[in-house]
Amino acid sequence: MERDPKKLVGVGVLLVTYAILSVIAVYCVFFSSSAASPAVGVAAIIGMAALSLVALVVSGQDIHVRANTNNRTLDLASQTVTFMREGLSQESAQAVCDLLLTAVTACSVAITDRTQILGFSGVDRKNHEQGTPIQTVVTLDTLEDGQTRVVETANALGFKGDGAKIKGAIIVPLVVRENIVGTLKFYYTSASRMDEDQLAMAEGFAQLLSTQLSLSYLEQQAELAARMELKALQAQINPHFLFNTINTIASYTRTDPTKARTMLREFAVYYRRLLENSEDLIPLASEIEQTERYLMFQRARFGEDSVQMQISDLGELGELRVPAFILQPLVENAVGHGRRPDGSTLHIAVTVKPVGDDAVISVTDDGVGIPPERLATVVDGGSKTGMGIALKNVNARLRGYFGSLSGLSIQSVEGEGTTVVLLLSEALAAPEQEAEELSKGDLDKLLEG
């Protein structure tokens, strides 16, 4: 990291001049016998005093400039709160980039998530459109290890065209709940412009944005939790499901009293689990057990051969802690939207497997599938149907509990069936390993940050 060359030259000239005047003053006052020496000595001393005064004035101006800079930084910080309130998006990232470009000596400012450019302002913007993949290897390295990088050569960036004007960069990670979710980047036309002030400003703004994203995340999770609690009750304790199940049980009291008693007992357990489950996380085996109860009522209503569900051997994964009510909505969607008009058996397969430290849960059915035009909006909230709302909520809750790399993906072929995959990032990571990593100094870094 280079210091400002103009400041270095100015300080050097000031010190050399001061030293020369000091030598002249000492020589004239103490060693020279010339009649003009006292006058020359006095002139040298006056010159030294003038230089001291200049230094004080410049220093005072520098303090004034720094004070103005600090005030400007605080003002910018307050403005970014408005933009980041909705989280990290293309709109918020672009607004922040435009704002920060006015406060730094960088020629460009960029913000990315883990895969693409979200915002870019300044030189070479036309080659850094929103939504395009990340172009620099050094950015991917920062996303991988979370280390701030100062790049002082154009070759390390590798930009072409107008981008060749960019000769250096400061790249800082954005971190939410110990997960690296993106980067803040300052680009420069000269490496000499990347002084310590710019590095401190880049790191400070990155930390500020990370904090704001964390607060936004907490606000969203609190709101989501309240909505999910109400939505779960409204969706599950609804007149249709309640009355249909009661009517089905009532019909069995005449034809099969033993089965009616079993269903009534399981129905009571089903609702008690639903209403009393206030834990954040429950064992996966419990979630599957609750889902099987739901299917028991549906088979009793539509016929024993109407729906068949096969579950892979859980093994130790049965104890995996997951958010309640993440599997049942997927099975409900399969039953409610996937059954064929001809009444043929709907087959559902639930598989759970480890992939490194991640856990992957998939729900596959051989139903009617989802039309392509509907599939495009069914997860992102564009779909206002019960299926779309359920999938969106499951996706949001997975991200909330297991980080931004987690979530839900869906594949479907119309007429053939649908597969929904849940990725629980780092869900199998050993707590001992996390504690060991923190003991190596990460905790100090977190506290300092």
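The following paragraphs examine the structure supplied in this document. (Residues numbered from 1 in each chain as written. Predicted model: local features only at pLDDT ≥ 70, side-chain atom pairs only at ≥ 80, totals over all residues. Heavy atoms only, no water.)

Quick look at the overall build of the chain now. Along the chain, the regular secondary structure elements total 13 helices and twelve strands. A buried classification covers 39% of the 449 residues belonging to the chain. In the chain, the share of contacts with a sequence separation of at least 24, taken over all contacts with a separation of at least 6, comes to 63%. Put simply, the chain shows about 24,200 Å² of open surface, and 57% of that area lies on carbon and sulfur atoms. (Helix = DSSP H or I, 4+ residues; strand = E, 2+ residues; numbered from the N terminus. Buried < 20%, exposed > 50% of the residue type's maximum accessible area, 1.4 Å probe, protein only. Contact = heavy atoms within 4.5 Å. Areas by Shrake-Rupley, 256 points an atom, 1.4 Å probe, with all protein chains shown as cover.)

Once that is clear, we can look at helix α10 (residues 328–338). Burial runs high along α10: nine of the eleven residues are buried. Inspection of α10 places Q328, P329, L330, V331, E332, N333, A334, V335 and G338 among the buried residues, and these make up the whole buried set.

As for its position among the elements, Q207 is in helix α6 (residues 196–236). Remark: the alpha-carbon pair of Q207 and L184, spanning 23 residues in sequence, is separated by 9.7 Å.

So, about the sheet that holds strand β4 (residues 168–176). Pairing in this open sheet of five strands is antiparallel, and the strands run β2-β1-β5-β4-β3 from one edge to the other. Where the open sheet ends on each side, the last strands, each with one partner, are β2 (117–122) and β3 (149–151). Pairs of neighbouring strands in the sheet enclose a mean axial angle of 15°, with direction left out of account. Relative to strand β5 (residues 179–188), strand β1 (residues 108–112) is paired through five bridges, and the arrangement is antiparallel. In the sheet register, I111 faces β5, and the bridge partner there is L184. Contacting β1, β2 and β5, helix α3 (residues 90–101) crosses the sheet at an angle of about 25° to β2. Across the sheet, helix α4 (residues 137–145) lies against β1, β3, β4 and β5, angled at about 145° from β5, the strand it touches most. (Pairing = 2+ DSSP bridges. Axes fitted to C-alpha atoms, helices over the stretch in contact; angles between N-to-C directions.)

The next subject is the packing of helix α9 (residues 284–302) against α10. Interhelical geometry of α9 versus α10 gives an angle of 25° and a closest axis separation of 9 Å. One finds that α9 runs roughly parallel with respect to α10. Considering the relative orientation of α9 and α10, their crossing is right-handed. Between α9, through E287, Q290, T291, Y294, L295 and Q298, and α10, the contact on the second element is made entirely by Q328, V331, E332 and V335. In terms of residue class, the contact of α9 with α10 is built from four nonpolar, four polar and two charged. (Parallel < 35°, antiparallel > 145°, perpendicular 65-115°, else oblique. Left-handed = near helix turned anticlockwise from the far one by under 90°. Nonpolar A, V, L, I, M, F, W, Y, C, P; charged D, E, K, R; others polar.)

Quick look at the environment of A300 now. Topologically, A300 is positioned in helix α9. Note on A300: relative accessible area 8%, which makes it buried. The spacing of A300 and T245 is 55 residues in sequence and 8.5 Å in space, taken between C-alpha atoms. Excluding residues that lie within four positions of it along the chain, A300 makes contacts with T248, Y252 and M263.

Attention shifts here to the pattern of salt bridges. Inspection of the entire model under this criterion finds four salt bridges. Close ionic contact of E304 with K259 constitutes a salt bridge, the shortest N to O distance being 2.7 Å. Here K259 lies in helix α8 (residues 257–276) and E304 lies in the loop between α9 and β7 (307–311), a separation of 45 residues in the sequence. For E304, a relative accessible area of 41% translates into the label partly exposed. According to the relative accessible area criterion, K259 is partly exposed, its value standing at 22%. Among the ionic pairs, R293 bridges to E266, the shortest N-O distance being 2.9 Å. Taken together, the residues span a long stretch of sequence, with R293 in helix α9 and E266 in helix α8 at a distance of 27 residues. Residues participating in the shared-partner salt-bridge network are E266, E289 and R293. (Salt bridge = Lys/Arg side-chain N within 4 Å of Asp/Glu carboxyl O.)

To continue, consider the side chain of S210. Here S210 shows up in helix α6. Residue classification places S210 among the buried residues on the basis of a relative accessible area of 8%. Of the polar contacts made by the side chain of S210, one reaches the backbone nitrogen of V175; its length is 2.9 Å. (Polar contact = N/O pair within 3.5 Å; in protein donor to acceptor, adjacent residues only side chain to side chain.)

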